[in-house]
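# Structural characterization, general
What follows is the residue order along each chain.
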Amino acid sequence: MPIRQLSETMINQIAAGEVIERPASVVKELVENALDAGASKVEIVTAGGGLSLIRVTDDGSGIPERELALAIARHCTSKLSDDIHDIRSLGFRGEALPSIGSVARLSIRSRTASGDSAAEIGIEGGRVLPVKPAAANRGTTVEVRDLFFATPARLKFMKGERAESSATGDVVKRIAIAFPAVRFTLAGSDRSTLELPATGDTPEGRLARVAQVMGKDFPDNAIAIDARRDGVHLAGHVSIPSYTRANALQQYAYVNGRPVRDKLIAGAIRGAFADVLPRDRHAVTVLFLSLDPATVDVNVHPAKADVRFRDPGLVRGLIVGAIREALAGAGIRAATSGAAGMMAAFRPGVAPFAHPGPASGHRSYEAAYRASGLSGFDRGSDLARSPQRPLDMGEARPARNGFAENEQAAFDTSPLASADARAGTAEPAEALLGMALGAARAQVHENYIVAQTRDSLVIVDQHAAHERLVYEALKNALHSRAVPSQMLLLPEIVDLPEEDAERLAMHSETLARFGVGLERFGPGAVAVRETPSMLGETNVQQLVRDLADEIADNDTVETLKERLDRIAATMACHGSVRSGRLLKAEEMNALLRQMEATPGSGTCNHGRPTYIELKLADIERLFGRR
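Summarised in this report is the structure supplied together with it. (Residues numbered from 1 in each chain as written. Predicted model: local features only at pLDDT ≥ 70, side-chain atom pairs only at ≥ 80, totals over all residues. Heavy atoms only, no water.)

### Regarding the overall build of the protein
Rules: Helix numbering and strand numbering both begin at the N terminus, where a helix is a DSSP run of H or I of at least 4 residues and a strand a DSSP run of E of at least 2. Burial classes follow relative accessibility: with a 1.4 Å probe on protein chains only, a residue under 20% of its type's maximum area counts as buried, one over 50% as exposed, and anything between as partly exposed. Contacts are assigned to residue pairs with any non-hydrogen atoms lying within 4.5 Å of each other. Areas reported as accessible are Shrake-Rupley estimates using a 1.4 Å probe. Residue values count occlusion only from the protein chains shown.
Secondary structure assignment for the protein yields 21 helices and 26 strands. Here the protein, with 626 residues, has 45% of them falling under the buried criterion. The contacts in the protein between residues at least 6 apart in sequence include a share of 68% that link residues at least 24 apart. Surface exposure of the protein reaches about 31,900 Å², of which carbon and sulfur atoms provide 52%.

### Observations concerning helix α4 (residues 96–103)
Of all eight residues in α4, eight are buried; the element is thus mostly enclosed. Among the residues of α4, A96, L97, P98, S99, I100, G101, S102 and V103 are the ones counted as buried.

### Some remarks on the packing of aromatic side chains
Defined as follows: Planes of paired rings set the category: under 30 degrees apart is stacked, over 60 is edge-to-face and the rest tilted, where pairs are Phe, Tyr or Trp rings (Trp by its six-membered ring) whose centres lie within 6.5 Å. In this analysis the charged atom, NZ for Lys or CZ for Arg, is taken to sit over a ring once it is within 6 Å of the ring centre and within 35 degrees of the ring normal.
For the structure shown, the criterion picks out one aromatic pair. Ring centres of Y254 and F288 lie 4.9 Å apart, and the angle between their planes is 15°; on these two criteria the pair is classed as stacked. One end of the pair, Y254, is in strand β13 (residues 251–255); the other, F288, is in strand β16 (residues 285–290), and 34 residues separate them in sequence. Each member of the pair, Y254 together with F288, is buried. Over the ring of F149 we find R105, and its NZ or CZ is 3.9 Å from the ring centre.

### Observations concerning the pairing of strand β24 (residues 517–520)
Definition in use: Pairing between strands is defined by DSSP: at least two bridges between the two strands are required.
Examined bridge by bridge, β24 and strand β25 (residues 525–532) share four bridges and lie antiparallel to one another. Pairing of E519 across the sheet is with A527, part of β25. Counting the residues that bridge the hairpin from β24 to β25 gives four residues, and of these G522 lies at a positive phi of roughly 80°.

### Comments concerning the sheet that holds β13
One key point about sheets: their strands pair by backbone hydrogen bonds, in either a parallel or an antiparallel sense. Selection criterion: An axis is simply a line fitted to the C-alpha atoms; with a helix, the fit covers only the stretch in contact. Between two such axes, the angle follows the N-to-C directions and lies from 0 to 180 degrees.
Across the sheet, five strands lie side by side as β10-β11-β16-β13-β14; this open sheet has mixed pairing. Each edge of the sheet is formed by a strand with only one pairing partner; in this case those strands are β10 (222–229) and β14 (258–260). If you compare each strand with its neighbour and ignore which way they point, the axes differ by 20° on average. In the sheet, β13 pairs with β14 via three bridges, with the strands oriented antiparallel. In the sheet register, V255 faces β14, and the bridge partner there is R258. Helix α6 (residues 203–214) contacts β11 (232–239), β13 and β16 of the sheet and is inclined by roughly 135° relative to β16. Here helix α9 (residues 312–329) sits on the sheet in contact with β10, β11 and β16, set at roughly 140° to β10.

### A look at the sheet that holds β25
Here we have three strands laid out as an open sheet, ordered β23-β25-β24, and antiparallel in their pairing. The open sheet is flanked by β23 (485–495) and β24, the only strands paired with a single partner. The sheet shows a mean angle of 15° between the axes of neighbouring strands, taken without regard to direction. The sheet contact formed by β23 and β25 spans seven bridges and is antiparallel. Following the sheet pairing, D495 is matched in β25 by A525. In the packing of helix α16 (residues 498–506) onto the sheet, contacts are made with β24 and β25, and the angle to β24 comes to roughly 130°.

### Looking at the packing of helix α5 (residues 161–178) against α6
The cut-off we apply is this: For classification purposes, angles smaller than 35 degrees are called roughly parallel, those larger than 145 roughly antiparallel, those between 65 and 115 roughly perpendicular, and all remaining angles oblique. Whether a crossing is left-handed or right-handed is set by the direction in which the near helix is turned from the far one by less than a right angle, anticlockwise for left-handed and clockwise for right-handed.
Contact pair α5 / α6: the axes reach a minimum separation of 9 Å and the direction vectors enclose 170°. Here α6 runs roughly antiparallel to α5, going by the angle between their axes. Of the two elements, α5 crosses α6, and the hand of that crossing is left-handed. Judged by residue contacts, K173, A176 and I177 of α5 engage R209, V210 and V213 from α6.

So, in structure tokens, the structure goes:
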């Protein structure tokens, strides 16, 4: 087949295959156009999951009538200067509208602030319709009908209406977080209406918008991030370690206001939380990176979902360092979801009409029960045997307004057996009640410390808490000096691609600090002479290749550090206070004070919470006092 020039329609349909993946892609492109036009209000309407109808209306600057024909022509845009590296808008390719028009029925109706009337242009399957007068307010309305009617094969790859509607909602929410001063409305016959009122472009307004999208619990369980390094600014919020999700769908990242799904940013977030989250849990984050547009390339993906940084190591280091510093500085905090789960677990009991008698094994209660006279009934009588006998047994004993003296004495003098250890009978010092974890009051089931603050009840898992304390101490000792290494009897020669060998040689000093001694051994090879003692007998070949991959991806040696940290975590697990050990009051309070002083002590090494806090107000609600 000879080489020939493709038709304009075919070119646009090929471009549509790159840019227009599904209805959500159309919504993304149209909403970005509205925001680039300075809109303060964006309304989206869909039907049939977006395949039947997508309508986006904004109150932006509008398109002059003479420019409507250019708006649907390829590579025509008002957003790009002569410098491709100075991109300050969401869109810049000039491909979205002609691409959409090549596979759907597209109409654009627009009016500028100075225009006397609106104008409308249409394009159906690549065929351009003439411009005609129309009636409209200031702004632009773009309507897309019968998406992919011109390429019916694409319809076979679409998911169900509900799935497409959900994807569209996710796109709108993701964009809305970056523009809190804009009001967004998403409605249609295929969905429930989503309204996101404008909250203002202030720190409080941005957090309010995040709460609109991610739920009102997030601000109460989030830590603010604000860090700068070498011209790169990172801001936003991350969840505390005990507030997590089962997937990473609620990790939102923005580069110069542009929503992105970048593996470097995702990897940095995962690395920052590696010490405090289990492998199957994910942090909730909203992060905004601001940097010189010339230092980031957004023109590496047709849908502009990925970006490429000039200095990826700087960006990764900033994200990891800022999050870890914020977690360390946030002190000890429990997720509100823990208290909510505790509230749900407690089912307020309804006092039964019957008194079932003493619970088995509770000696103090049995003593009080016998002393009260309730055990003095005729055991052969139907009344005594009945499980529904009333509490007020006036015929069996004298009626009285309260406990008799002998009954009360039974409660006062009998030993309390409900706790394994008690933290003293005296009232806790006022200073201890003012601490974050309060004063220890008891130890129950030989594993849980019950503490009291001025306005809450705290339950601590002593093993999980001490495990975190030992782990942090081991890590500090490990990273405060060079890691001890062991000399190999015979150097291990590892064959690698030349570029990997060169990278390892460039990082040899850093690797030596972590206990790995290596040097070049001819072209495409390195000789490993030392490995970290903590690793014991290890697969040197695999270790070196993993390090080479890590350096190639992120220009760091985090892989080795993570391996050493995992060993420290295992040592901490076996060296911490075990469940089943009785603690004295002084030991319990000392553990609480250490937790307050240790960063990340809200979770153990495996990501489980170390304590749960229940506010006094919640307790009162459980008992119907509120």
